[in-house]
Amino acid sequence: MERGLEMGTLYRRPGSKQWMMGVVVAGRQHCKSAHTSNKRLARKMLSRWETEVFEGRFQLPKSNPPRFESWADDFLKTVSHPNTRRRYTSSVGKLKSQFKGLRLADISLDRIEEYKDARLASGTGPATVNRDLAVLRRMLRLAERKRFITRSPFVEVELLEERKHRHLPHIVTFEEEEKILAVAPPHIRALMVLILEIGMRSNREALVLKWENVDFVTTTIMVRESKTRAGVRNVPLSARCRAALLQWRGVVGPEFSAYVFPNVRHPDKPLKDIRRSWAKSLKDAGIGYFWVYNLRHTFASRLSSTGMSDLFVAQMMGHSTPSILQTYAKVIDEYRRDA
């Protein structure tokens, strides 16, 4: 039990709306921000802090905490997956512009709310802002564990409502599928069938797929690179997909590159960007543009419409839980008319 604890106090610094908390431990005063302008909430935070001190769980933050830019760079080094690091780097760049020059302890609820308002005012969608906030939340949690700050202000931060702003995915009809396959170049045809039949992620799974992970004998595709751990899986190879890949292998096989979809100029590297060829295929088919990722939505919708359980569909798609299927599995028109 901590001895020498005196009653805590609340006060405000001149010109600031944020409440500060102060406690005296063993004759020494310690102060920190409550990260709120609500006095009632600040009193609750002070009471909790007093309890921590009384129970001996009081820890001082480390001296000379780093500034935000420096901590952001150190944080990115802790992210091991290259795709995740690339995603986080984009958010960190936006966060740096808002919190430039601040120490970690100076990042308060009000400053985070200002960041949200500024991003929304610039025309950025709620979903994108939430991705940035999620990165900031992870950064501050790690800073709290390392005792650079005493408490993360994200206890009071609410993420933006983004569902009502989402655009419904484009579920490809069988008629549209036939039109696209009729005019698309060979690599787009093979990729399209692969996603529609297997449900693979386009950039993080399909485009980095290697021939050694396609077993035409056991009709299995071994996904070894994915967005998440749940994405590393074995998926059955349908007869249609097997035929499409065998036809594509006759054009660009393992003798040319280890990758199923190689960069023609650099066969030792996978193809990274198909946006132009995908857009041209849609235009030639007379269909309005939609992201290739919608093929994955279509796979989930078609599979769900056959009566498969959500858990099975989630496992096929490489999700850890079936909860996200509400986003993917939209009933397509053909099955709605049949019902």
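This report concerns the structure included in the present document. (Residues numbered from 1 in each chain as written. Predicted model: local features only at pLDDT ≥ 70, side-chain atom pairs only at ≥ 80, totals over all residues. Heavy atoms only, no water.)

1. Considerations on the sheet that holds strand β4 (residues 214-215)
Sheets are built from strands paired through backbone hydrogen bonds, the pairs being either parallel or antiparallel.
So, step 1. Pairing is antiparallel in the open sheet, where three strands are placed in the order β4-β5-β6. Edge strands, defined here as strands with exactly one partner in the open sheet, are β4 and β6 (233-236).
So, step 2. Relative to β6, strand β5 (residues 220-223) runs antiparallel, the two being bridged by four bridges. Along β6, the bridge assignment pairs Ile221 with Val235. (Pairing = 2+ DSSP bridges. Helix = DSSP H or I, 4+ residues; strand = E, 2+ residues; numbered from the N terminus.)

2. Structural notes on the environment of Phe154
So, step 1. Here Phe154 shows up in the loop between α5 (126-145) and α6 (174-183).
So, step 2. Along the primary structure Phe154 and Ala134 are separated by 20 residues, whereas in three dimensions their C-alpha atoms are 9.7 Å apart.
So, step 3. Those residues in contact with Phe154, other than ones at most four positions away along the chain, are Ile112, Leu133, Leu136, Arg137 and Leu140. (Contact = heavy atoms within 4.5 Å.)

3. So, helix α7 (residues 186-198)
So, step 1. Compared with an ideal rise of 1.5 Å per residue, which puts 13 residues at 18 Å, α7 spans 18 Å between its outermost C-alpha atoms and is within 8% of the ideal.
So, step 2. Taken across its 13 residues, α7 has 10 buried, putting it largely inside the fold.
So, step 3. Within the span of α7, buried status applies to His187, Ile188, Ala190, Leu191, Met192, Val193, Leu194, Ile195, Leu196 and Ile198.
So, step 4. A positive backbone phi angle near 80 degrees is found at Gly199, which sits one or two residues after α7. (Expected span 1.5 Å × (residues − 1). Buried < 20%, exposed > 50% of the residue type's maximum accessible area, 1.4 Å probe, protein only.)

4. Quick word on the nonpolar core
So, step 1. Ile180, Leu194, Ile221, Leu245 and Trp278 are the most contacted members of the largest nonpolar core, which totals 39 residues.
So, step 2. The set of elements that each furnish at least two residues to this core consists of α6, α7, β5, α9 (239-249) and α10 (275-284).
So, step 3. At nine residues, α7 tops the list of elements feeding residues into this core.
So, step 4. Those residues in contact with Ile180 that lie beyond four places of it in its chain are Met192, Trp278, Ser281, Leu282, Ala285, Ile287 and Phe290.
So, step 5. In terms of nonpolar packing, the next biggest core, distinct from the first, is built from 28 residues, Trp71, Ile112, Tyr115 and Phe154 among them. (Core = buried A, V, L, I, M, F, W, Y, C linked by side-chain atoms within 4.5 Å.)

5. Thoughts on a positive patch on the surface
So, step 1. Together, Arg12, Lys17, Lys39 and Arg43 give the surface a local cluster of positive charge.
So, step 2. Note on placement: Arg43 falls in helix α1 (residues 39-54).
So, step 3. On the accessibility criterion, Arg43 (51% relative accessible area) is exposed. (Patch = residues over 30% accessible without salt bridge, like charges linked within 9 Å, V, L, I, M, F, W, Y side chains within 5 Å. Areas by Shrake-Rupley, 256 points an atom, 1.4 Å probe, with all protein chains shown as cover. Salt bridge = Lys/Arg side-chain N within 4 Å of Asp/Glu carboxyl O. Lys, Arg positive; Asp, Glu negative; His and termini not counted. Charge placed at Lys NZ, Arg CZ, Asp CG, Glu CD.)

6. Some remarks on the packing of helix α2 (residues 68-77) against helix α3 (residues 82-99)
So, step 1. The N-to-C vectors of α2 and α3 enclose an angle of 175 degrees; their axes lie 10 Å apart at closest approach. In this view, α2 runs roughly antiparallel relative to α3, as classed from their interaxial angle. Contacts between α2 and α3 pair Phe68, Glu69, Ala72, Asp73, Phe75 and Leu76 from the former with Arg85, Tyr88, Thr89, Val92, Leu95, Lys96 and Phe99 from the latter.
So, step 2. Across the contact of α2 with α3, the residue classes tally to eight nonpolar, one polar and four charged. (Axes fitted to C-alpha atoms, helices over the stretch in contact; angles between N-to-C directions. Parallel < 35°, antiparallel > 145°, perpendicular 65-115°, else oblique. Nonpolar A, V, L, I, M, F, W, Y, C, P; charged D, E, K, R; others polar.)

7. Re helix α11 (residues 294-305)
So, step 1. When the terminal C-alpha atoms of α11 are compared, their 16 Å separation across 12 residues agrees well with the 16 Å that a helix rising 1.5 Å per residue should span.
So, step 2. Most of α11 sits out of view: 10 of its 12 residues are buried.
So, step 3. Within α11, the full set of buried residues consists of Asn294, Leu295, Arg296, His297, Thr298, Phe299, Ala300, Ser301, Arg302 and Leu303.
So, step 4. A positive backbone phi angle near 100 degrees is found at Gly307, which sits one or two residues after α11.

8. Some details on the side chain of Thr124
So, step 1. Mapped onto the fold, Thr124 is located in the loop between α4 (109-121) and α5.
So, step 2. Taking the relative accessible area as the measure of exposure, Thr124 reaches 16% and is therefore buried.

9. A look at the pairing of β5
So, step 1. Note: β4 against β5, two bridges, orientation antiparallel. Across the sheet, Val214 pairs through a bridge with Ile221, a residue of β5.
So, step 2. In textbook terms, the turn of a hairpin is the stretch between consecutive antiparallel strands, and for β4 and β5 this stretch comprises four residues, one of which, Thr219, has a positive phi near 50 degrees.

10. Topic: the packing of aromatic side chains
So, step 1. Scanning the model with the defined rule gives seven aromatic pairs in all.
So, step 2. For the ring pair Trp71 and Phe148, a centre distance of 5.3 Å and an interplane angle of 70 degrees mean the geometry is edge-to-face. Residue Trp71 is found in helix α2, and its partner Phe148 is found in the loop between α5 and α6; the two are separated by 77 residues along the sequence.
So, step 3. In this structure Phe148 comes out as buried when scored by relative accessible area, which is 17%.
So, step 4. Measuring from ring centre to ring centre gives 6.1 Å for Trp248 and Phe261, while their planes differ by 25 degrees; the resulting arrangement is stacked. With a gap of 13 residues between them, Trp248 in helix α9 and Phe261 in the loop between α9 and α10 connect regions that are remote in the sequence.
So, step 5. The class of Phe261 is buried, set by a relative accessible area of 2%.
So, step 6. By the ring-pair criterion, three or more aromatic residues cluster together here, those being Phe68, Phe99 and Tyr115. (Phe/Tyr/Trp six-rings, centres within 6.5 Å; stacked < 30°, edge-to-face > 60°.)

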